[in-house]
Amino acid sequence: MKKVLKIAGTLFGALVLLVLCLAAWISFSPPPEYESRSIPVSIPTDSAALALGQKIVQTECVLCHMGADGKLSGRQFTKADNPFGEIWAANITGHPEKGIGRYSDGELAYLFRTGVKKDGGFAPFMMVPNISDEHLGALIAYLRSDAPLVQASESAPPAPKYGFLAKALMKFGVFAPKLQEIRPIEAPDPGDQVAYGKYLSTAVFSCFECHSKSFETNDDYVPENSEGYFGGGNSIEDGSFDIVHSANITMSKAFGIGKWQQADFVRAVQTGQDPDNRILNPVMPRYAALSDTEISAIWAYLQTVPVLENQVQRIAKQ
Ligand code: HEC
Ligand code: HEC
């Protein structure tokens, strides 16, 4: 009996030691590094392309990168007690050292496709891997323009201090770039509403990122493989770092938006007012720049997304 206990004790001790070593490795060894590359990208110069780039930047990139100086000079968007850590979004104005002036167009394109930064670090919250080549070119053209939003700012936000969860996911390769997947990408024809709506809500604008179960289990490459796809419940920090849960926007009549009309949807997405004239929490961006046609395409796509009967407790202040 004593012997058995002794063996069990030793095994348990060994297990504890192993777990401690693993935890120490996750916490203290440097994060994985990747090689930054430059990939071919064609940068348009016409005004229609610049307007397209502006639309993407003003609706999408501002969510995380809008600084106190009114430029895309970076801001803190999670605090240290967030499981992903204390995360600051970078200065992405044209500043030659503090902003993206230090990137070539090709290096920027590589970052947007893979999340690999020029310094070799991986930025897990910063990828648009399925955006079309045309939209990617337009996006970079706008970032390089002299628009007030991207004019050089001196601001230098601290590098993100990733928490245990983010570090573990990076070290075990869950949050990792897929380096082999660079291929030409074309956007679907806007006439194909369902396909175009899917493209807009998953590849260009991050609807699915916020509206699925959790950032942790989102699949940026194959969005429909994300857990709880469009079923809501993801925890997002608002401007005062309180947690807000995203809505279920599948067509569930009980818990989603299955009873809404298309016009209700268009209005809610553009103005932030639901059919009962309730004002949505500001964490839900106001997509005033999206046209009725674009939002209707997203609506058409949502009709095809599997319904999830997931009841979300909408506003949970902590
Ligand atoms: C969900 C929040 C989020 C969104 C949305 C977002 N970013 Fe980022 N971005 C970040 C974070 C966080 C970092 C810093 C990551 C790091 O340093 O590891 C970053 C880093 C970057 C960098 C690298 C800067 C550097 O110094 O290496 C660029 C460029 C960039 N973002 C551009 C964009 C553009 C363009 C958009 C819009 C298409 C965008 N981001 C949307 C969070 C976001
Ligand atoms: C930054 C995270 C975020 C992004 C990106 C986002 N949403 Fe939301 N959305 C939310 C949150 C959080 C709510 C819940 C707000 C509330 O409870 O007041 C919400 C609510 C909604 C609602 C209202 C649902 C209801 O039942 O009242 C609709 C519709 C919606 N979002 C559609 C979209 C679409 C379409 C997109 C992309 C174009 C999108 N959202 C992008 C976070 C986000």
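Predicted model, so just to flag it, every value in this text is computed and none were measured. (Residues numbered from 1 in each chain as written. Chains lettered and ligands numbered in written order. Predicted model: local features only at pLDDT ≥ 70, side-chain atom pairs only at ≥ 80, totals over all residues. Heavy atoms only, no water.)

Caption draft 1: Geometry of the coordination of the iron atom of ligand 1. Distances from the iron atom of ligand 1 to its protein donors, His 65 (NE2) and Met 126 (SD), fall within 2.0 Å. Coordination geometry of the iron atom of ligand 1: the six donor atoms subtend angles of 78 to 179° at the metal centre, consistent with an arrangement described as octahedral. With His 65 in helix 2 (residues 47-65) and Met 126 in the loop between helix 3 (105-114) and helix 4 (133-143), this pair connects stretches of sequence that are 61 residues apart. Owing to a relative accessible area of 25%, Met 126 belongs among the partly exposed residues under this scheme. (Donors = N, O, S within 2.8 Å, 3.2 Å for Na, K, Ca; no water. Tetrahedral: all angles 85-135°; square planar, octahedral: opposite > 155°, others 65-115°. Helix = DSSP H or I, 4+ residues; strand = E, 2+ residues; numbered from the N terminus. Buried < 20%, exposed > 50% of the residue type's maximum accessible area, 1.4 Å probe, protein only.)

Caption draft 2: Focus on the domain arrangement of the protein chain. We note that the domain assignment places domain 1 (47-171) and domain 2 (193-302) within the protein chain. Distance from the C-alpha centre of domain 1 to the C-alpha centre of domain 2: 22 Å. For the pair domain 1 and domain 2, the summed buried area comes to about 1800 Å², and 60% of that belongs to carbon and sulfur atoms. Area buried by domain 1 at its contact with domain 2 is led by Lys 55, Thr 59 and Asn 130, which between them contribute 29% of it. Among the ionic pairs, Glu 294 bridges to Lys 55, the shortest N-O distance being 2.8 Å. (Domains from an automatic or database assignment. Buried area = accessible area lost by both parts, 1.4 Å probe. Salt bridge = Lys/Arg side-chain N within 4 Å of Asp/Glu carboxyl O.)

Caption draft 3: Highlighting the site of ligand 1. With respect to spatial proximity, 23 residues lie near ligand 1, and among them Cys 61, Cys 64, His 65, Tyr 103 and Met 126 are the closest. At 2.8 Å, a side-chain N or O of His 65 approaches a nitrogen atom of ligand 1. Interatomic distance of 3.3 Å between a side-chain N/O atom of Tyr 162 and an oxygen atom of ligand 1. Contributing elements (two or more residues each) for the shell around ligand 1: helix 2 and helix 3. The leading source of residues in the shell around ligand 1 is helix 2, at four residues. Residue composition of the shell around ligand 1, grouped by class: 19 nonpolar, one polar and three charged. (Near = heavy atom within 4 Å. Polar contact = N/O pair within 3.5 Å; in protein donor to acceptor, adjacent residues only side chain to side chain. Nonpolar A, V, L, I, M, F, W, Y, C, P; charged D, E, K, R; others polar.)

Caption draft 4: Seen up close, the coordination of the iron atom of ligand 2. With distances of 2.0 to 2.2 Å, the protein atoms coordinating the iron atom of ligand 2 are His 211 (NE2) and Met 284 (SD). Taken together, the six donor atoms coordinating the iron atom of ligand 2 and their angles of 86 to 179° define a geometry best described as octahedral. Of this pair, His 211 sits in helix 7 (residues 207-211) while Met 284 sits in the loop between helix 8 (262-271) and helix 9 (292-302), and the two are 73 residues apart along the sequence.

Caption draft 5: Summary view of unusual backbone geometry. Its identity as a non-glycine residue notwithstanding, Phe 230 has a phi of 65°, on the positive side. Here the phi dihedral of Phe 241 falls at roughly 65°; this positive angle occurs in a residue that is not glycine. When you line up the elements, Phe 241 lands in the loop between strand 3 (235-237) and strand 4 (243-245). Residue class for Phe 241 comes out partly exposed when judged on its relative accessible area of 26%.

Caption draft 6: Helix 1 (residues 2-28), seen in detail. Between its first and last C-alpha atoms helix 1 spans 38 Å; for 27 residues at 1.5 Å apiece the expected length is 39 Å, and the two agree. Where burial is concerned, little of helix 1 is hidden: one out of the 27 residues are buried. (Expected span 1.5 Å × (residues − 1).)

Caption draft 7: Looking closely at the packing of aromatic side chains. All chains considered together, the criterion is met by eleven aromatic pairs. With a centroid separation of 5.3 Å and an interplanar angle of 85°, the aromatic rings of Phe 84 and Phe 125 are classed as edge-to-face. One end of the pair, Phe 84, is in the loop between helix 2 and strand 1 (85-86); the other, Phe 125, is in the loop between helix 3 and helix 4, and 41 residues separate them in sequence. Accessibility expressed as a relative area gives 10% for Phe 84, which makes it buried. Measuring from ring centre to ring centre gives 6.4 Å for Phe 125 and Phe 215, while their planes differ by 90°; the resulting arrangement is edge-to-face. Here the residue Phe 125 occupies a position in the loop between helix 3 and helix 4, and Phe 215 occupies one in the loop between helix 7 and strand 3, the gap between them amounting to 90 residues. A relative accessible area of 23% means that Phe 215 is categorised as partly exposed. Following the ring pairs from residue to residue traces out a cluster consisting of Phe 84, Phe 125, Phe 175 and Phe 215. (Phe/Tyr/Trp six-rings, centres within 6.5 Å; stacked < 30°, edge-to-face > 60°.)

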